[in-house]
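Secondary and tertiary structure notes
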Amino acid sequence: MSNPDGLLVDIAATVESEHSNQMPLTVVVPGAVITGRLAPESLWRQRVAEVLEASDHLKPFASLFAAAAADGTGAPPLAAGARPTHLHLHVARILQGSYGLPHTGGMYRIAIDSVSSWTVGDLSYSDQ
């Protein structure tokens with residue numbers, strides 16, 4: 001999508017300004033449907049850094065995500081008038097058939113301009 005959906009950008013901006021991580025969202029991007037909860041970029045970076053730091057093999061990459069949080073505030077806030085360009089989803093799953101991958105949820109960063117459609121809500125499957 002070359003022209004990002006203004007409402008989706010507004011939702012992302014509100015999540016950033018309110019530091020809320022409770023907004024469930026499902027997006028369609030080329031090749032995937034991803035469902036999860038929107039998080040502010042600072043929280044998303046912090047959680048990714050924590051996961052990487054706990055891994056012997058991936059620890060060197062943690063600093064790339066934690067660098068923005070060096071001052072304790074996380075990613076720098078959006079400048080006045082700046083609009084988010086990415087969605088940051090946590091406890092997110094790629095929906096594949098009747099499965100969500102990974103089962104426990106992951107961390108995804110999605111360019112807003114690549115979202116072709118979206119809905120508020122976290123999609124899940126039930127065996128019932």
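Scroll up to find the structure this text is about.
In this report, the structure presented in the accompanying data block is examined.

About the thresholds
Residues numbered from 1 in each chain as written. Predicted model: local features only at pLDDT ≥ 70, side-chain atom pairs only at ≥ 80, totals over all residues. Heavy atoms only, no water. Helix = DSSP H or I, 4+ residues; strand = E, 2+ residues; numbered from the N terminus. Buried < 20%, exposed > 50% of the residue type's maximum accessible area, 1.4 Å probe, protein only.

In this model, Leu-101 is joined to Pro-102 through a cis peptide bond whose omega is -10°. By secondary structure assignment, the location of Pro-102 is in strand E4 (residues 99-111). Of note in the backbone geometry, His-19 takes a positive phi value of approximately 50° without being a glycine. Note on placement: His-19 falls in the loop between helix H1 (6-18) and strand E1 (23-29). The exposure class of His-19 is exposed, given its relative accessible area of 57%. The backbone of Val-91 sits at a positive phi, close to 40°, despite the residue not being glycine. Considering the arrangement of structural elements, one finds Val-91 in strand E3 (residues 86-96).

What is shown is where atoms sit, not what they do.
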